[in-house]
Structure formats: C-alpha cells, structure tokens
Amino acid sequence: MSVKEIVDAVTIKRALTRISYEIIERNHQLDQLVLVGIKTRGIYLAQRIAQRLKQLEGIEVAVGELDITRYRDDQKTKVQEAEVNESNIPVSLEGKEVIIVDDVLYTGRTIRAALDAVMDFGRPELIALAVLVDRGHRELPIHADYVGKNLPSSRKERVLVKMEEVDGEDGIYIEQSH
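Note that the structure is predicted; figures quoted are calculated from it, not measured.

Draft legend 1. Quick peek at helix α3 (residues 109-119). All of the buried residues in α3 are I111, A113, A114, A117 and V118. Across the axial projection of α3, the buried residues extend over an arc of 155 degrees, all falling on one side. On the buried face of α3, the contacting elements are β2 (33-38), β3 (62-66), β4 (97-105) and β5 (126-134).

Following this line, the structure appears as structure tokens:
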C-alpha cells in the first residue's frame, strides 16, 4: 500500500479559515450557533473553527462532542452500551443553528447517524454540515454545506485525515490499495 500526502497543514488551516468565513456570511445570528463535532477528528475541527470564529468575530461559539456509535446502521453487531463513549453537548440545541462537523464525508451513513443523535438533544432551528474533505460516493442523499476540500477518489482508496491533537501532525492523505 502506498500513502500520498494530498493536503498539508498550511492548506488545512486555510480551508478551516475559509469555512469559518462562510459560516459568518451565512449565519446572521452567530450567538445561536452550536458546532457539534463527530468523534474523534470532527471534535478538533469544530474546536478550531470555533477558535477562528472567536478571532474573526469576537464571539464564543459553543462546541459539542457527538458520539454516533449507537446510531450507526452499518455495524455488523450491536454495540454494548459500556463500549459507547458518551456525547457531550454543553447547551440545549432547542431552536439553535447546529453545524455538524466531521473530517471526511463519504457514504453519508455517519452523517445520517449524527442527525439522529443530534435530534436526541432537542429540535434545532437548522442543521448544517461542515466537512474538511468531501470524497464523493454517497449512498444517502446527504451533502455538505461547508467543504474544505473536494477530493474525488475511488472506492478502493482510503482518505486519511491526520490532526495534530490526535496524530501529532496535520495532513490529508490518500492510501492506495493494490
């Protein structure tokens, strides 16, 4: 297997800045905004976007952590409750504008599960989706509202997102299987 870097740390930072500006432009009530990151890397992306929004607009945006394990429809076996990490949503989502944040959008199944999980925390006014990478190959009718990088890929490839907080470096890689 060969791994090739597609996006470096500087380009990731630029993509997150661009997403932050788009969020500012499209959301007139930033005080009603909640970023909800899907574990694991989505959480760190949401935190980085929140930091950028604070730098740009001087506003604190709530950031939640979403564990979608028990909501997945593509798990072969039922996950034991003890194995499920809990979500941490610091504010009520009732009537808020929620942006779900994830690293890679692929089939759409993770996002479908995230939508179910978010609804357990209240009924938001609006739910949007921000992803660092959209690689295509949707199995469900789901699209991202904010995209850092469109990265067409084959189903035989894997898109790997590395983040400083988890992996010790930032980068987006494609792993080719032979």
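Anyway, onward from the coordinates.
Draft legend 2. Summary view of the UniProt feature "short sequence motif: PRPP-binding" (unreviewed entry) in the protein. The UniProt feature table records "short sequence motif: PRPP-binding" (unreviewed entry) at residues 98-110. Across residues 98-110 one finds 15% helix and 62% strand; the C-alpha atoms that close the span lie 16 Å apart.

Draft legend 3. A look at the sheet that holds strand β6 (residues 146-150). A sheet is described by the order of its strands in space; here five strands give the open sequence β3-β2-β4-β5-β6, paired in parallel fashion. Looking at which strands have only one partner, the edges of the open sheet turn out to be β3 and β6. Here the average twist between neighbouring strands, direction ignored, is 25 degrees. Pairing between β4 and β5: eight bridges, direction parallel. Note on β5: the bridge partner recorded for L105 is D134. Of the strands in this sheet, β2, β3, β4 and β5 are in contact with helix α2 (residues 41-57), which crosses β2 at around 150 degrees. Against the sheet, α3 makes contact with β2, β3, β4 and β5, and its axis sits at roughly 155 degrees relative to β4, the strand it touches most.

Cut-offs applied
- Residues numbered from 1 in each chain as written.
- Predicted model: local features only at pLDDT ≥ 70, side-chain atom pairs only at ≥ 80, totals over all residues.
- Heavy atoms only, no water.
- Buried < 20%, exposed > 50% of the residue type's maximum accessible area, 1.4 Å probe, protein only.
- Helix = DSSP H or I, 4+ residues; strand = E, 2+ residues; numbered from the N terminus.
- Arc of directions from axis to C-beta.
- Contact = heavy atoms within 4.5 Å.
- UniProt positions renumbered as here; feature names shortened; annotations may be inferred.
- Pairing = 2+ DSSP bridges.
- Axes fitted to C-alpha atoms, helices over the stretch in contact; angles between N-to-C directions.

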